[in-house]
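Topology and contacts: notes
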Amino acid sequence: MKKLLSLLLALLMLGCAGALADMNAEEYVSVVAKELPDAEDMVIDVDNYYGQVIEGYYNFDCYVNENVTRTAKFYIPANTVYNQPTVFIMVPSGVNTWGFFVESGWKAAADKYVFHVVLAETDESGVWGDIDTEMEYLAALRDDVSYRPFFVSFSSNFYAIAYGNAADVLMKHTMSKPLQWAAAACIGVTGVEDEYLASRSTIESKEAGVMLSEMSIPMFIVSEEKTEAVDKVVDYWKKANKVEDVKYSCDYADEVYIPAFPTTGETMDREPIAKVYYSTRPIEDYYQAETIDNIYNDFMCKYMLYPGTGNGSLRSAADIYEMGFEKFAAQIPGGYKEDGSDLYNREWYVYVPSSVDPETPAPVVFLFHGAGGTGDEIAGRSGWTKIAEEKGCILVCPTGSHKLSIRNVSDMTTNELFRAMWNTGEATEDCPDDRIFIRELHKWVCENYNVDTGRVYATGQSSGGAMSHAVAGYMSDIFTASAPVSALATPSDYNEENAIPLMVCIGTGDPYFSKEGFGGQESGFSDGKGCVTYWTNRYNTVDKWEDFTYMKGDESVCSFRNGIFRNYVFRTEKGIPMLRCVETETKVHAYLPSEAAMIWDEWFSLFHKDADGNLYYMNQKVEL
């Protein structure tokens, strides 16, 4: 019955619109998607160290559950780089996927603006199914792409669009899983059942007391007929996004609703920016190049949904080059070969804000990304560009290294090659020692900018947090203070000659630390006791690990609380705070802009070194 329905639907669509008939032309039907490469066949290209390895149109088998495997298609334009935006497109029933992709105008847009595309397809019936079935498929597909199946995507800039009979499916999906997309567009909405709309206000989100119906997501809605059911959908998003009761218009939307100016509550971690667009127009109007350009550039790419607190951190997307970043690259020894001939083409990004006076030595912050990130993405999401401008410091954002190994995740086999991270240990034959890279980069920065060498700091998130720990342990001769975020480290072979102050920040909602945090006594990544004990012994602090209790909310025994931050301060006999541990309430595995502000104001800015390398805290010499 479903197959017959699918055939009738396809015939109906072929007969009613010439544009859709072209999508099923033989030239499109005959196109066969390529198979993805074998993870075991991957090699590292040291000259094109961060280059994508696939290009073109590929088939992808998406494991949904033990009984269901669905298909999707990937399109990777030429010359893409790591962490480009990814647009998920739900292909309407009854049309060929490649034909739809070409004729809709999305292929031309992807080639022009160089973004990744994931084309979600119906099952073998050819018809989009019930919401529970399709939600499971979309969630599995999105998760798989976030795990980087032979190309490097970044889930904070995942966008979704659905056409025709897929539009209502995506609409329900966004109402149930608003953290899946940074923005969504539903072209051809007919409505959502009243019961479904009402139920969103009874289901709690990932933050206590916040219902699904209260979660904002930028939403673009088009219906061919404005009915009462459509009005209810538009009203749902107007309320969720807390827009003004004033509508505007533009060339590609009849009604545009803008969020009300915030008067309370919002912080730099989450911005009230989610607009609502609505039009009553034929679906075919949104198969035009200019309209698609507008949807992509003026709507989708304006938003990023970063990890933050439980419900994420929706913020404006910023082009780091427009902000003033410059990209650099150079051949850097890996450290495996004694003659230095194992060279890797490494990259980094530098931001010198207008507030920096070239004639005056400026402080420098090295900012390290997490696993799967890159120097350009951590620059945009951490909030450090704003801090750099306000405080007059230079920002350096390098990209980590790869290791060549099979990675099995989410019933998918890929390779660690597509997941840049930081190697804080010895070099191997195919993975450089990143400590060498950072020393070379520090030297380069000091040679090319007017640097205050007594105020050079390091911070980073997750894998970048591990690198920040390593800076304190192995490079205390060239750095002044460090602030790892979302990472603990239990040292075994750190350099004992020097010591720099360390602020360690983790989130109470982070699955790696949420049970015990700094109170954890397990070995490995979550060993809070091992981390704190090492540094308090090295600093010879008065306060010790056992003097506090951790991860107990308001009942925690800590040094002090400041907003969402619980602080545990370990001081020397002279009152110098050499170690400060911070629990950020409700934060997941993330780096918040408010943390960046705190790290600068309450940590980095308080420490400096003199020309002889002596450490000072608020101009008081530190003696351990």
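By convention here, each chain's residues receive numbers from 1 onward along its written sequence. Where local features are concerned, this predicted model is filtered to residues with pLDDT of at least 70; where side-chain atom pairs are given and counted, the filter is 80 or more; whole-chain, interface and lining totals use all residues. Values reported for side chains reflect all heavy atoms of the structure, with hydrogen atoms and water molecules removed beforehand.

Between any two strands, pairing holds if DSSP finds at least two bridges. Runs of E in the DSSP output that reach at least two residues are strands. Runs of H or I that reach at least four are helices, and both are numbered from the N terminus. Looking at chain direction, strand 2 (residues 56-65) and strand 3 (residues 68-76) are connected through nine bridges and run antiparallel. Paired with Phe60 across the bridge in strand 3 is Ala72. Linking two consecutive strands that pair antiparallel, namely strand 2 and strand 3, is a turn of two residues.

Turning to the environment of Ile387, a few remarks are in order. Assignment of secondary structure puts Ile387 in helix 13 (residues 384-391). Per-residue accessibility, obtained with a 1.4 Å probe over protein chains only, is compared with the maximum for each type, and a residue is labelled buried under 20%, exposed over 50%, and partly exposed between these values. Take Ile387: its relative accessible area is 4%, and that puts it in the buried class. Separated by 211 residues in sequence, Ile387 and Met598 have C-alpha atoms that sit 9.9 Å apart. We call two residues in contact whenever any of their non-hydrogen atoms come within 4.5 Å of each other. The residues contacting Ile387, other than those within four sequence positions of it, are Gly392, Ala596, Ala597 and Trp600.

Two numbers describe how helix 6 (residues 131-146) lies on helix 7 (residues 167-176): the axes approach to 10 Å, and their chain directions differ by 70 degrees. The orientation of helix 6 relative to helix 7 falls into the category roughly perpendicular. Judged by residue contacts, Ile131, Glu134, Met135, Leu138 and Ala139 of helix 6 engage Val169, Lys172, His173 and Ser176 from helix 7. Helix axes are fitted only over the stretch in contact, all axes being lines through C-alpha atoms; the angle between N-to-C directions runs from 0 to 180 degrees. Here the angle decides the label: under 35 degrees means roughly parallel, over 145 means roughly antiparallel, 65 to 115 means roughly perpendicular, and every other value means oblique.

Looking now at the sheet that holds strand 7 (residues 183-187). Sheet strands pair via backbone hydrogen bonds, and the direction of the pair is either parallel or antiparallel. Taken together, the eleven strands give an open sheet; going across it, the order is 1-2-3-5-4-6-7-8-11-10-9, and neighbouring strands pair in mixed fashion. The sheet terminates laterally at strand 1 (34-35) and strand 9 (243-250), the two strands that pair on one side only. In the sheet, strand 8 (residues 219-223) pairs with strand 11 (residues 276-280) via five bridges, with the strands oriented parallel. Bridged to Phe220 within strand 11 is Tyr277. Taken strand by strand, helix 6 contacts strand 2, strand 3, strand 4 (84-90), strand 5 (116-120) and strand 6 (153-163), and its axis lies near 120 degrees from that of strand 2. Its contacts with the sheet place helix 9 (residues 228-240) against strand 8, strand 9, strand 10 (253-259) and strand 11, and it is angled at close to 170 degrees to strand 8.

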